[in-house]
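# Descriptive analysis of the structure
Residues per chain are reported as follows:
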Amino acid sequence: MTDQTARVLLFSDDIDTRKAVMEGVGARASKDTPPIEWVEKATKDAVVDAVRNEDFDALVLDGEATKEGGMSISRELHGTFETVPPVVMLIARQQDEWLATSFGADVTIPDPLDPIVLQETLAQVLAGDL
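### Quick notes on unusual backbone geometry
Cis peptide bonds are those with omega within 30 degrees of zero, and the linkage from D111 to P112 qualifies with -10°. Looking at the element boundaries, P112 is found in the loop between β5 (107–110) and α5 (115–126).

### Brief notes about the nonpolar core
Nonpolar side chains tend toward joint burial in soluble globular proteins. Residues L9, F11, V47, L59, L61, L77 and M89 are the most contacted members of the largest nonpolar core, which totals 20 residues. With 4 residues, the single largest contributor to this core is helix α2 (residues 44–53). Apart from residues lying up to four places away in sequence, V47 is in contact with L9, F11, K41, I73 and L77. Formed by 19 residues, the second largest nonpolar core is a distinct cluster that contains V21, A58, V88 and A123.

### Points about helix α1 (residues 15–25)
When we look at burial in α1, the residues that qualify are T17, R18, V21, G24 and V25. Down the axis of α1, the buried side of the element spans an arc of 140°, and every buried residue falls inside it. Exposed residues pointing more than 90 degrees away from the buried face of α1 are listed as I15, D16 and E23. Contact partners of the buried residues in α1: β1 (6–11), β2 (36–41), β3 (58–62), β4 (87–91) and α5. Sitting at the amino-terminal end of α1 is D14, which places a side-chain oxygen 2.8 Å from the backbone nitrogen of D16. Of the residues one or two after α1, G26 is the one with positive phi, at around 90°.

### Considerations on α2
Buried within α2 we find V47, V48, A50 and V51. Along α2, the residues classed as buried sweep out an arc of 165° about the axis, all on the same side. The exposed set on the far side of α2, more than 90 degrees from its buried face, consists of D45 and N53. The inward-facing, buried residues of α2 contact β1, β2, β3 and α3 (70–80).

### A word on the packing of α2 against α3
Closest axis-to-axis distance for the α2/α3 pair is 11 Å, and the angle between their directions is 30°. Every pair of crossing elements has a handedness; the one defined by α2 and α3 is right-handed. On α3, the residues that touch K44, V47, V48 and V51 of α2 are I73, E76 and L77. The residue makeup of the contact of α2 with α3, split by class, is 5 nonpolar, no polar and 2 charged.

Procedures and definitions
- Residues numbered from 1 in each chain as written.
- Predicted model: local features only at pLDDT ≥ 70, side-chain atom pairs only at ≥ 80, totals over all residues.
- Heavy atoms only, no water.
- Helix = DSSP H or I, 4+ residues; strand = E, 2+ residues; numbered from the N terminus.
- Core = buried A, V, L, I, M, F, W, Y, C linked by side-chain atoms within 4.5 Å.
- Buried < 20%, exposed > 50% of the residue type's maximum accessible area, 1.4 Å probe, protein only.
- Contact = heavy atoms within 4.5 Å.
- Arc of directions from axis to C-beta.
- Polar contact = N/O pair within 3.5 Å; in protein donor to acceptor, adjacent residues only side chain to side chain.
- Axes fitted to C-alpha atoms, helices over the stretch in contact; angles between N-to-C directions.
- Left-handed = near helix turned anticlockwise from the far one by under 90°.
- Nonpolar A, V, L, I, M, F, W, Y, C, P; charged D, E, K, R; others polar.

Structural data, given as structure tokens:
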């Protein structure tokens, strides 16, 4: 993370989900973290390409995306790259947490997306506390 911004890749095939995450977190996750530069992606290939060619401080992946979900993308990233930024996985049910973590998620956030939980979780990830 630079002193200027935190770069966060946000994957979901649903523009409303991406909007809910960005609006829920806001311009920064906490007063102690830098402003966030969101990089939105809607496909698996775009995520893999971005992680290959750019630096990110965290990845927020939608585990409920319909065509290719965030869990399988996380598994592919961890199987392809030596290092992967911390992964925050959006899940539909708390029961899916074990599956998300087995596919490489560092932390999960269940539906419905709570802005406070989004902010606090991303702030912890960006601060290196998870």
